Amino acid sequence: MNFYPTGRAIWLIALGAPIAAVLAAIMPALWAIGAGWAAMLLLLLILDGLVAAKANEVRLTVSSSAEIGEPLLLGLAAGFSGKIGPRKLSGNLGLDERLAEDGTVAFSLNRSVLDDQAFTGQATTIPVRRGTGDIGRLWLRWTGPLGLAWRQIQKQSSQCVAVMPNVSAVRSPTLQMFMRDSVFGLLARKIRGEGSEFEALSEYQPGMDRRSIDWKGSARHSKLLAKEYDTERNNQIVFALDCGAAMCEPVDGLPRIDRAVSAALLTAYIALKAGDRTSLFSFAAKPELSTPFLSGSRNFFRLQQEAATIDYRHQESNYTLALSSLQNRLQRRSLIVIFTDFTDPTAADLMLEAAGRLIDKHLVLFVVLEDRELTSIIDKPPESAEDVARAVTARNLLDQKKLVLTRLRHMGIDVIEGAHQEIGTRLINSYLKIKRRGAL
């Protein structure tokens, strides 16, 4: 523990110099008043630091886990001993860059209502990268009764925070209401209605799809009969996440890969509830993560933990190696949802070639985040020749991207392109549409 002068003390000491100069100009013998003024203030500063309250308990409260992009609350409590409590108290905590972009967070502490010698405060930070973020050194300082000296302590924390993928959409009331009303996987009986496997004939009721009417059966029984189908379950869904350089670029403050992971986990939650089996697969220059197929909503937390290990790789993605490895791993027809982004035409051609081999046996769905940065450059009114050149370059990049997406669609591959706020919902709708038409 140590102490040092406050801004007030420095200004008061500095004020003695012009006063001494004025007095010395009037009467030279008075120059010693300036030196006496400074000496007096130095003595008061030392006395203020010595009689300042002493910290006898400092407690930092941090949650063991947090979700990327969601506020993380930090709590600080400090107890002091001494007859005179701190006049002003502040704290600063060093954090891993995963937990805060600038690597620090400041606390503002207030005196407790029940105890004059106890102070509490809170601070909020927003994690910006997945992984394990370490809590660093805590600095706490307070002033003495005269406000001339800061007293300071430092404490190294051994705590850490596991930054998990953001699954706040799973907890949203809208999704919970949808799952409550959904027919997929909630009842312990066969679910009849939409699907591809014929189950039975039932009497046609108003509101049923007319395409389900069995005209031959209706003619035999002299009444309208409709076909009912058993909803397919136990399908395999693979979420293939590109974690290469292009997917590490930020979108609204978070890397694209984290936006993709959130959308993948949201859809995986629906798939697990629907009785299907899900798996995560990530790749960059080589395959990174490959989880086994999991079933049942009880395994959703395990998927979230596995997704937290997907690292940020600042290297070009090798689509040929990754997708061929994935193809060799799959033993039966599966829905493969690929989250990626591309800027290099050569890499895009290799991606198209690798995707073409997948669609012979599997159903493939591409998810691409909308590039708002390019759109904003194109839409910005030009003010100089550089702005025009920048807009033309951005337009060319966007046209190349649209050309690749068009080629994917011509190959028979569904493509979802949109803002990060909407791709989760659109992906769920596409998944449910695939289940309804029995494409798997």
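Basis of the calculations
Residues numbered from 1 in each chain as written. Predicted model: local features only at pLDDT ≥ 70, side-chain atom pairs only at ≥ 80, totals over all residues. Heavy atoms only, no water. Helix = DSSP H or I, 4+ residues; strand = E, 2+ residues; numbered from the N terminus. Buried < 20%, exposed > 50% of the residue type's maximum accessible area, 1.4 Å probe, protein only. Contact = heavy atoms within 4.5 Å. Areas by Shrake-Rupley, 256 points an atom, 1.4 Å probe, with all protein chains shown as cover. Core = buried A, V, L, I, M, F, W, Y, C linked by side-chain atoms within 4.5 Å. Salt bridge = Lys/Arg side-chain N within 4 Å of Asp/Glu carboxyl O. Phe/Tyr/Trp six-rings, centres within 6.5 Å; stacked < 30°, edge-to-face > 60°. Lys NZ or Arg CZ within 6 Å of the ring centre and 35° of its normal. Expected span 1.5 Å × (residues − 1). Pairing = 2+ DSSP bridges. Right-handed = clockwise from strand over helix to strand, strands pointing away.

### Some words on the overall build of the protein chain
- Of the regular secondary structure elements, the protein chain holds eleven helices and 22 strands.
- Looking at the protein chain as a whole, 45% of its 440 residues are labelled buried.
- Counting only contacts in the protein chain whose residues sit at least 6 apart along the sequence, the fraction spanning at least 24 positions is 74%.
- For the protein chain, the accessible surface area stands at approximately 22800 Å², while carbon and sulfur atoms represent 55% of it.

### Observations concerning the side chain of D258
- Tracing the chain through its elements places D258 in helix 5 (residues 256-273).
- Taking relative accessible area as the criterion, D258 reaches 2% and is therefore assigned buried.
- Leave out the neighbours within four places in its chain, and D258 touches I68, V128, R130 and Y312.

### Brief notes about the nonpolar core
- Core analysis: the biggest nonpolar cluster contains 74 residues, and L93, F107, L140, F239, L241, V337 and F339 have the highest contact counts within it.
- Top element by residues in this core is helix 5. It accounts for twelve residues.
- Contacts of L93, omitting those with residues within four sequence positions, involve L60, L74, G103, T104, V105, F107, I135, G136, R137 and L138.
- Within the second largest apolar cluster, 28 residues are counted, among which are F281, L323, A354 and V404.

### Some thoughts on the pattern of salt bridges
- Per the stated rule, a full pass over the model turns up 13 salt bridges.
- In this structure, the salt-bridge partner of R130 is D258, at a minimum N-O distance of 2.3 Å. Here the residue R130 occupies a position in the loop between strand 7 (118-125) and strand 8 (131-143), and D258 occupies one in helix 5, the gap between them amounting to 128 residues. The burial state of R130 is the same as that of D258; both residues are buried.
- Among the salt bridges present, the one from R357 reaches E353, with a minimum N-O distance of 3.5 Å. One end of the pair, R357, and the other, E353, are both in helix 8 (residues 345-358), four residues apart, so they sit about a helical turn from each other.
- In the salt-bridge network here, residues are joined through shared partners; they are R256, D341, D371 and K401.

### A word on the packing of aromatic side chains
- Scanning the model with the defined rule gives five aromatic pairs in all.
- Seen in terms of ring centroids, F281 and F283 are 6.2 Å apart; in terms of plane orientation they differ by 35 degrees. Their pairing is tilted. Take F281 and F283: they sit in the same class, and that class is buried.
- Measuring from ring centre to ring centre gives 5.9 Å for F283 and Y319, while their planes differ by 65 degrees; the resulting arrangement is edge-to-face. Placement of F283 in strand 17 (residues 277-283) and of Y319 in helix 7 (residues 319-329) is noted, with a sequence separation of 36 residues between them.
- Given a relative accessible area of 4%, Y319 falls into the buried group.
- By the ring-pair criterion, three or more aromatic residues cluster together here, those being F80, F119 and W142.
- Against the face of Y312 rests R129, its NZ or CZ located 4.0 Å from the ring centre.

### Examining helix 5
- Across its 18 residues, helix 5 extends 26 Å between first and last C-alpha, which sits within 8% of the 26 Å expected from 1.5 Å per residue.
- Where burial is concerned, most of helix 5 is hidden: 16 out of the 18 residues are buried.
- Looking one or two places after helix 5, you find G275, whose phi comes out positive at around 90 degrees.

### Some words on the pairing of strand 21 (residues 363-369)
- Most of strand 21 sits inside the fold, with seven of its seven residues counted as buried.
- Side chains L363, L365, V367 and L369 of strand 21 all project onto a buried face; the interleaved residues V364, F366 and V368 project onto the opposite face, where all are buried too.
- Examined bridge by bridge, strand 20 (residues 335-339) and strand 21 share five bridges and lie parallel to one another. Bridge pairing in strand 21 places V337 opposite L365.
- Crossover handedness for the path strand 20 to helix 8 to strand 21: right-handed.

### Observations concerning the environment of L272
- Residue position: L272 is located in helix 5.
- Overall, L272 belongs to the buried group, its relative accessible area being 3%.
- In sequence terms L272 and R298 are 26 residues apart; their C-alpha atoms lie 8.6 Å from each other.
- Excluding anything up to four places from it in sequence, L272 contacts T278, L294, S295, G296, S297, N299, F300 and L303.

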